[in-house]
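Listed below, chain by chain, are the residues.
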Amino acid sequence: MTLEQIIEELDLTLLTVERDFSRITPVAGYASDMLSRVMACAPRDGALWVTLQAHGNIVAVAAVLGLSAIIITEGETPDEATIAKANEVGITLLATREPTFSVVGNLWRLGLRNDQ
Amino acid sequence: MKSQESTQGITQAEAFAYELKAGDVMTCDVITVEPGDSLAHLLELLQTRQISGAPVVANGTVVGMINMPDLLRALQAGDLKAQVGDTMGPHPFTVAPEDLLVKVLEVFSRTGAGRLPVVDNDRRLVGIITKGDIARGLLKALPSDGDDEEIRRYRARHLFEDIVSDRTSLILRYRVRAGDFDNGGMSSVHVRQALLRLGASLDLARRCAIAIYEAEMNLVIHTINGGILRVEIQPHTIFIEALDDGPGIKDIKLAMQSGYTTTPDEIRALGFGAGFGLNNIKRCVDKMWLQSTPEGTRLEMWMFLQPGAEHRMLETIVDRLSA
């Protein structure tokens, strides 16, 4: 399933620059708000990360891990500097008012698994 | 660097000139005139459509080309009533849609023409091509952003192969500011990028970047004045050190325990300081060494890229002490 389909199905708001999301296929998912936990446990390069943290450091975490995108939940919004930094290092930021629980549930329903 | 980049660009553009054809870049929607049209009509056409010449077509075939200089000559002679057929050059140079751009460029330079009609085997007009069309076509074909990274990687990968010395190393230094949670972690992003460009595997780049991220965030969270990150990349070893000037770790044994943290609550609310930092580092690197006093902390991390690289640690240590 492509990131384009995920954005469409979950009605996510794109905060960073438009890319060809039909060519990006998240290979796994992870949800946590503890950054060190994400560092230790996010499955692998190309994974999708769901969190309610919206400060600038999440961009570094995602870039270090080579994640495909971050979904920021519960209506949290990153500031301009964070969005600019995400664009600079090529990390896609997506936002939703839904809580992490629903987002993960929907991703699971769409078929995103970590065992592929 | 700049000149290398432009050389690379030219080489690639040249390669595409041997792949792309006139038909790939030509303009298909051509404005034409007929031999019986008046020069006044032509003049109006050139002005309203903002072009400087047009092919002359009779019964679908190209019979000539009329350009601004032809028109100016006729105007100078005061002959605005003349027809296009009397004024045009009779035998226009043409190219075929299947002609390679390199051939089209050759026709441009041989004839000095500004535009060339593109005709099929029956001399029927199928398009028109200018040097601008070629430039646009080549620019379109040249790789964009994504492949730039490929070129950078290709160049960086040769760094260690092209330089002969007893010991070659690349040193990256980063200044980390205390309390800068927004920018903290960016050094590790940059190191990861550098390692990938140097040809490191995704796994190696990831392990290094995670270790550096945790070391970097420790400097951001737990130091008075921030600190220095120094990454020394060698063909067989990556040596990373994080240095600061205090206040030091009170109990290293406790700090190494998973889940133990001294991070204040308001910083923990941001997701930092869960107490896994040093453990993450230990898990990612091949060797780790930590020394801490109230005057400062030194964290050393080693990645060994080749079997036996561990024994060459000594070289790095001796070099560093004598520097």
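Definitions and cut-offs
Residues numbered from 1 in each chain as written. Chains lettered and ligands numbered in written order. Predicted model: local features only at pLDDT ≥ 70, side-chain atom pairs only at ≥ 80, totals over all residues. Helix = DSSP H or I, 4+ residues; strand = E, 2+ residues; numbered from the N terminus. Buried ≥ 20, exposed ≤ 12 C-beta atoms within 10 Å, placed from the backbone. Contact = placed C-beta atoms within 7 Å. Pairing = 2+ DSSP bridges. Axes fitted to C-alpha atoms, helices over the stretch in contact; angles between N-to-C directions. Core = buried A, V, L, I, M, F, W, Y, C linked by C-beta atoms within 7 Å. Expected span 1.5 Å × (residues − 1). Parallel < 35°, antiparallel > 145°, perpendicular 65-115°, else oblique. Left-handed = near helix turned anticlockwise from the far one by under 90°. Nonpolar A, V, L, I, M, F, W, Y, C, P; charged D, E, K, R; others polar. pLDDT = per-residue confidence, 0-100.

## Considering the overall build of chain B
Then step 1. Within chain B, the regular secondary structure consists of 15 helices and 9 strands.
Then step 2. Per-residue burial over chain B gives 29% buried out of 323 residues.
Then step 3. Sequence separation of 24 or more characterises 63% of the internal contacts of chain B that already satisfy a separation of 6 or more.

## Overview of the sheet that holds strand 9 (residues 296-304) of chain B
All names here are of chain B.
Then step 1. Strand order in the open sheet formed by 5 strands is 5-6-7-9-8, and the pairing between neighbours is antiparallel. The sheet is open, and its two borders are formed by strand 5 (170-176) and strand 8 (287-293), each paired with just one other strand. Across the sheet, the axes of successive neighbouring strands diverge by a mean angle of 10 degrees, strand direction being ignored.
Then step 2. Across 7 bridges, the pairing between strand 5 and strand 6 (residues 227-233) is antiparallel.

## Some thoughts on the nonpolar core
Then step 1. By size, the foremost hydrophobic cluster in this structure holds 65 residues, and its most contacted members are Ala62(A), Ile70(A), Ala211(B) and Ile212(B).
Then step 2. For this core, the element with the highest residue contribution is helix 11 (residues 202-222) of chain B, accounting for 12 residues.
Then step 3. Apart from the residues lying within four places of it in its own chain, the contact partners of Ile70(A) are Trp49(A), Thr51(A), Ile58(A), Ala62(A), Ile91(A), Leu93(A) and Leu94(A).
Then step 4. Counting 14 residues, the second largest nonpolar core, distinct from the first, contains Ala22(B), Val95(B), Leu101(B) and Val118(B).

## Section: helix 10 (residues 186-197) of chain B
All names here are of chain B.
Then step 1. The terminal C-alpha atoms of helix 10, which comprises 12 residues, lie 17 Å apart, in line with the 16 Å expected from a rise of 1.5 Å per residue.
Then step 2. Within helix 10 the residues assigned to the buried category are Met 186, Ser 187, Ser 188, Val 189, Val 191, Arg 192, Leu 195 and Leu 196.
Then step 3. Directly beyond the C-terminal end of helix 10, a positive phi value near 100 degrees is found at Gly 199.

## Looking at the interface of chain B and chain A
Then step 1. The interface of chain B with chain A comprises 22 residues on the first partner and 21 residues on the second.
Then step 2. Listing elements by their share of the side of chain B that touches chain A, those giving two or more residues are helix 10, helix 11 and helix 14 (277-284) of chain B.

## A closer look at the packing of helix 11 of chain B against helix 14 of chain B
Residues and elements named next belong to chain B.
Then step 1. Between helix 11 and helix 14, whose axes approach to 9 Å, the crossing angle comes to 155 degrees. In terms of axis orientation, helix 11 runs roughly antiparallel to helix 14. Judged by the sense of rotation from one axis to the other, the crossing of helix 11 with helix 14 is left-handed. When helix 11 is examined against helix 14, the residues Arg 207, Ile 210, Ala 211, Glu 214, Ala 215, Met 217 and Asn 218 are found in contact with a partner set consisting of Gly 277, Asn 280, Ile 281 and Cys 284.
Then step 2. In terms of residue class, the contact of helix 11 with helix 14 is made up of 6 nonpolar, 3 polar and 2 charged.

## Details of the confidence of the model for chain B
Residue and element names in this part refer to chain B.
Then step 1. Chain-level statistics for chain B give a pLDDT mean of 84 and a share of 88% at 70 or above.
Then step 2. Per-element averaging of pLDDT across chain B places helix 1 (residues 2-17) at the bottom with 52 and strand 6 at the top with 95.
Then step 3. Every residue in residues 1-10 scores below 50 in pLDDT, and together they form 2 contacts with partners more than four places removed in sequence or on other chains.
Then step 4. This prediction of the complex comes with two scores: 0.63 for pTM and 0.84 for ipTM.

## Some details on the pairing of strand 3 (residues 115-119) of chain B
Residue and element names in this part refer to chain B.
Then step 1. Buried residues dominate strand 3, accounting for 5 of its 5 residues.
Then step 2. Alternating residues of strand 3 divide into Arg 115, Pro 117 and Val 119 and Leu 116 and Val 118, and every residue in both groups is buried.
Then step 3. Connecting strand 3 to the antiparallel partner strand 4 (residues 125-130) that follows it, the hairpin turn spans 5 residues, and Arg 123 within it adopts a positive phi of roughly 60 degrees.

## Describing unusual backbone geometry
Then step 1. The omega torsion of the bond from Gly246(B) to Pro247(B) falls at 15 degrees, within 30 degrees of zero and hence cis.
Then step 2. Not every positive phi belongs to a glycine, and Glu74(A) is a case in point at roughly 55 degrees.
Then step 3. Following the sequence through the fold, Glu74(A) ends up in the loop between strand 4 (69-72) and helix 4 (80-89).
Then step 4. Under the C-beta neighbour-count criterion, Glu74(A) is labelled partly exposed, with 16 such atoms within 10 Å.

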